[in-house]
Amino acid sequence: MPASPPPAASPWGRRLAIVATCLVSLLICCGLAWWQWDRFTSANGTFQNLGYVLQWPLFGLFPAFMFWRIRRLRQKAEADGTADERPVPAPVAEVPAPRPRPDAPQVPRTDEDEELAAYNRYLRELHARDQQAAE
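A brief structural summary. Computed from a prediction, not measured in an experiment: that's the story for all the values here.

1. Examining helix 2 (residues 47-80)
Alright, step 1. With 34 residues, helix 2 should reach 50 Å at 1.5 Å per residue; the first-to-last C-alpha distance of 48 Å fits that figure.
Alright, step 2. Turning to helix 2, its buried residues number three or more, namely N49, V53 and G60.
Alright, step 3. Contacts from the buried residues of helix 2 go to helix 1 (11-41).
Alright, step 4. Where helix 2 ends, the next residue or the one after it, G81, has phi of about 85°, a positive value.

Given below as structure tokens:
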């Protein structure tokens, strides 16, 4: 059974939620700025704390700025008459299949260590035994 679409939200309810989010964000970030100011004015405060005092209110204003910016872009799109137009996706270029790698000729190595060569022979024998046992 297909799920029914969610009911349309009230535009006022959505606006109130956005405003509430912006206010809560600003209040929390101003509280954090106050906390950093207390840290800065304490005996072990540093200029890094003062920098945070200046940054936290900006972080708190960011959601309001984004809401304002999105609203402004939407109004501009409506004025241009491009509000309902969806951007046309760029055509996807076909990716060519990978080229087969030519098999590299087996060149015997002459600088191989004797101990390493013996170990590799042992591994080849073990592999051959496993292949025989699997058949």
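Okay, back to it.
2. Topic: the side chain of N49
Alright, step 1. With respect to the secondary-structure elements, N49 resides in helix 2.
Alright, step 2. Within polar-contact distance, the side chain of N49 engages the side chain of Q36 at 2.7 Å.
Alright, step 3. Ignoring any residue separated from it by four or fewer positions in sequence, one finds N49 in contact with Q36, R39 and F40.

3. A short note on a nonpolar patch on the surface
Alright, step 1. Side chains of F62, F65, M66, W68 and I70 sit close together on the surface and give an oily, nonpolar patch of about 500 Å² of accessible area.
Alright, step 2. Following the sequence through the fold, F65 ends up in helix 2.
Alright, step 3. Given a relative accessible area of 42%, F65 falls into the partly exposed group.

4. Some remarks on the layout of surface pockets
Left-over empty space is what a probe sized like a water molecule reveals as it rolls over the atoms.
Alright, step 1. Size it by volume and the largest pocket reaches roughly 380 Å³.
Alright, step 2. Lining the largest pocket are 13 residues, and of these R14, R15, I18, F67 and R74 sit closest to its centre.
Alright, step 3. For the lining of the largest pocket, the secondary structure elements donating two or more residues are helix 1 and helix 2.
Alright, step 4. Take the lining of the largest pocket: its biggest share by element is 7 residues, from helix 2.
Alright, step 5. Across the lining of the largest pocket, the residue classes break down as 6 nonpolar, 2 polar and 5 charged.

5. Remarks on the packing of aromatic side chains
Alright, step 1. Per the counting criterion, the structure on display carries 5 aromatic pairs.
Alright, step 2. For the ring pair W37 and F40, a centre distance of 5.6 Å and an interplane angle of 45° mean the geometry is tilted. In this pair, W37 and F40 are both assigned in helix 1, 3 residues apart and thus about one turn of the helix distant.
Alright, step 3. Three or more aromatic residues link up through ring pairs in this structure, and these residues are W37, F40 and F47.
Alright, step 4. Residue placement shows R15 over the ring face of W12; its charged tip is 5.3 Å from the ring centre.

6. As for helix 1
Alright, step 1. For helix 1, which comprises 31 residues, the first-to-last C-alpha distance of 45 Å matches the rise-based estimate of 45 Å (1.5 Å per residue) to within 8%.
Alright, step 2. When we look at burial in helix 1, the residues that qualify are C22, S25, C29, A33 and Q36.
Alright, step 3. Taken together, the buried residues of helix 1 touch helix 2.

What counts and how
- Residues numbered from 1 in each chain as written.
- Predicted model: local features only at pLDDT ≥ 70, side-chain atom pairs only at ≥ 80, totals over all residues.
- Heavy atoms only, no water.
- Helix = DSSP H or I, 4+ residues; strand = E, 2+ residues; numbered from the N terminus.
- Expected span 1.5 Å × (residues − 1).
- Buried < 20%, exposed > 50% of the residue type's maximum accessible area, 1.4 Å probe, protein only.
- Contact = heavy atoms within 4.5 Å.
- Polar contact = N/O pair within 3.5 Å; in protein donor to acceptor, adjacent residues only side chain to side chain.
- Patch = residues over 30% accessible without salt bridge, like charges linked within 9 Å, V, L, I, M, F, W, Y side chains within 5 Å.
- Areas by Shrake-Rupley, 256 points an atom, 1.4 Å probe, with all protein chains shown as cover.
- Salt bridge = Lys/Arg side-chain N within 4 Å of Asp/Glu carboxyl O.
- 1 Å grid on protein atoms, 1.4 Å probe; cavity = no way out; pocket = protein on both sides within 12 Å on 5 of 7 lines; lining within 4 Å.
- Points joined across faces, edges and corners; volume = space filled by probe spheres on them.
- Nonpolar A, V, L, I, M, F, W, Y, C, P; charged D, E, K, R; others polar.
- Phe/Tyr/Trp six-rings, centres within 6.5 Å; stacked < 30°, edge-to-face > 60°.
- Lys NZ or Arg CZ within 6 Å of the ring centre and 35° of its normal.

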